[in-house]
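Chain by chain, the residues run as shown.
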Amino acid sequence: MVKQRVAQLEYSQFQSAMLDEAKRRRKAAKIIAVLEHFNGPLGGLTVGDVGCSAGFIADELAQAGAKHTLGIDIDVPGLRKAADRFGDRVAFVCGDGTALPFPDGSVDVLVFNHIYEHVVDPDAVVAEMRRVLSDSGVLYLGLGNRLGVMEPHYKLPFLSYLPPALADRYVRAFGRADHYYERFRTRRGLRRMLRAFHVWDYTLPVLATPTKFAGGELFPGVLGKVVRTVLSRTPREVLRLLLPVVPTYLWVATKTPRRPAGPRLPQPPERVRPL
């Protein structure tokens, strides 16, 4: 019998990473750098963080100059913490991603960072984000890859490769959880999920030039410098061969055809071919 998935309420209560302020703010810096390279500064824009939890990324978006910043989640304890700390500059809303409480075309920028694997119906959330996004708007996506070798939540290799029943046994055998809730998709499945958008892939640009995107901590030290140099100089055709197993994709999506506004990079962003 297949266990029915239900919404993960109060996620910050059992996933401590959501309360790691330093790490969340580093992620926010990378998100903002990617958005600014593609679209320019956030000043004067209405920006929303879908799946904001305790609000650290939303707070950074507000401090980056957004005119109005919205944080949306079903994580009530996380939202309470967020509102207590950042409610003077961010409007936090308890809302389901499949029914966002905003008018059509009312948001300029949306952030959807490492959320899709946790929601019951990610396709419905993506469709709803498209509805509220303005015609010139931008959607930032941090997307885990099912074929990434190390599962990011439970740190078990090949966990996301397994069918649900075997994945449940795997996490129980190592004492990580009672069952494996998350549902990742392959790169092909993610392309299908975003088929209504025009998508640019920033994965390789961020890996090849992490300091440009506030991601210097990805490759620290002397070894990191070597890795950065190799990635920045490796032919694009070779790097493309690695994309099916990259653990996380960093994509920017728009409703209408757009091109990145920022300067050219050693490994430039590339269009994601739609399915």
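Residues numbered from 1 in each chain as written. Predicted model: local features only at pLDDT ≥ 70, side-chain atom pairs only at ≥ 80, totals over all residues. Heavy atoms only, no water.

You'll find the protein chain entered in an unreviewed UniProt entry as Methyltransferase type 11 domain-containing protein, with Nonomuraea monospora given as the organism.

(A) The arrangement of the overall build of the protein chain in detail. Of regular secondary structure, the protein chain possesses ten helices and eight strands. Here the protein chain, with 275 residues, has 49% of them falling under the buried criterion. In the protein chain, once contacts between residues fewer than 6 apart in sequence are set aside, the share between residues at least 24 apart is 72%. Accessible surface, the protein chain as shown: approximately 13,200 Å² in total, 57% of it carbon and sulfur. (Helix = DSSP H or I, 4+ residues; strand = E, 2+ residues; numbered from the N terminus. Buried < 20%, exposed > 50% of the residue type's maximum accessible area, 1.4 Å probe, protein only. Contact = heavy atoms within 4.5 Å. Areas by Shrake-Rupley, 256 points an atom, 1.4 Å probe, with all protein chains shown as cover.)

(B) Quick look at the pattern of salt bridges. What the rule picks out here adds up to 13 salt bridges. With a closest N to O distance of 3.0 Å, Arg25 and Asp59 form a salt bridge. On the criterion of sequence distance, the pair formed by Arg25 in helix α2 (residues 21-39) and Asp59 in helix α3 (residues 56-63) is long-range, its members being 34 residues apart. In this structure, Glu60 and Arg25 form a salt bridge, with 2.6 Å as the shortest nitrogen-oxygen distance. On the criterion of sequence distance, the pair formed by Glu60 in helix α3 and Arg25 in helix α2 is long-range, its members being 35 residues apart. Ionic contacts of the salt-bridge type, sharing partners, join the residues Glu21, Arg25, Asp59, Glu60, Arg85, Asp88 and Arg89 into one network. (Salt bridge = Lys/Arg side-chain N within 4 Å of Asp/Glu carboxyl O.)

(C) Seen up close, the packing of α2 against α3. Running from N to C, α2 and α3 point in directions that differ by 45°, and their axes come no closer than 8 Å. Regarding the angle of α2 to α3, the classification is oblique. The crossing of α2 and α3 is right-handed. Together, Glu21, Arg24, Arg25, Lys27, Ala28, Ile31 and Ile32 of α2 and Phe56, Ile57, Asp59, Glu60, Leu61 and Gln63 of α3 make up the contact between the two elements. Residues that form the contact of α2 with α3 fall into these classes: six nonpolar, one polar and six charged. (Axes fitted to C-alpha atoms, helices over the stretch in contact; angles between N-to-C directions. Parallel < 35°, antiparallel > 145°, perpendicular 65-115°, else oblique. Left-handed = near helix turned anticlockwise from the far one by under 90°. Nonpolar A, V, L, I, M, F, W, Y, C, P; charged D, E, K, R; others polar.)

(D) Quick peek at the sheet that holds strand β3 (residues 91-94). One open sheet holds the eight strands; their spatial order is β3-β2-β1-β4-β5-β7-β6-β8, and the pairing between them is mixed. Either end of the sheet is taken by a strand with one partner, and the two such strands are β3 and β8 (270-271). Here strand β4 (residues 107-113) pairs with strand β5 (residues 133-144) via six bridges, running parallel. Paired with Phe112 across the strands is Leu141, a residue of β5. The sheet strands contacting α2 are β4, β5, β6 (198-201) and β7 (248-254), and the helix crosses β5 at an angle near 140°. Its contacts with the sheet place helix α5 (residues 122-132) against β1 (46-50), β4 and β5, and it is angled at close to 150° to β5. (Pairing = 2+ DSSP bridges.)

(E) Structural context of the packing of aromatic side chains. Going through the model one piece at a time under the given rule, you end up with seven aromatic pairs. Considering the side-chain rings of Tyr116 and Phe184, the 6.2 Å spacing of their centres and the 85° angle between planes classify their relative orientation as edge-to-face. One end of the pair, Tyr116, is in the loop between β4 and α5; the other, Phe184, is in the loop between α6 (164-173) and α7 (187-193), and 68 residues separate them in sequence. One exposure class covers both Tyr116 and Phe184, and it is buried. Ring plane angle 85° and centroid distance 5.1 Å describe the contact between Phe158 and Tyr161, whose orientation is recorded as edge-to-face. Between Arg130 and the ring centre of Phe197, over which it is positioned, the NZ or CZ distance is 5.8 Å. Note that Arg187 overlies the ring of Tyr249, its terminal NZ or CZ placed 4.9 Å from the centroid. (Phe/Tyr/Trp six-rings, centres within 6.5 Å; stacked < 30°, edge-to-face > 60°. Lys NZ or Arg CZ within 6 Å of the ring centre and 35° of its normal.)

(F) Representation of the side chain of Thr209 in the model. Relative to the assigned elements, Thr209 resides in the loop between α8 (203-208) and α9 (221-233). Of the polar contacts made by the side chain of Thr209, one reaches the backbone oxygen of Pro205; its length is 2.6 Å. (Polar contact = N/O pair within 3.5 Å; in protein donor to acceptor, adjacent residues only side chain to side chain.)

(G) Representation of unusual backbone geometry within the structure. Although it is not a glycine, Lys155 adopts a positive phi angle of roughly 55°. Examined against the element boundaries, Lys155 turns out to sit in the loop between β5 and α6.

(H) Summary view of the pairing of β3. As defined by bridge partners, strand β2 (residues 68-73) adjoins β3 across four bridges and the pair is classed as parallel. The partner of Gly71 across the bridge, within β3, is Phe92. Where the polypeptide runs from β2 across helix α4 (residues 76-86) and back to β3, its parallel neighbour, the crossover connection is right-handed. (Right-handed = clockwise from strand over helix to strand, strands pointing away.)

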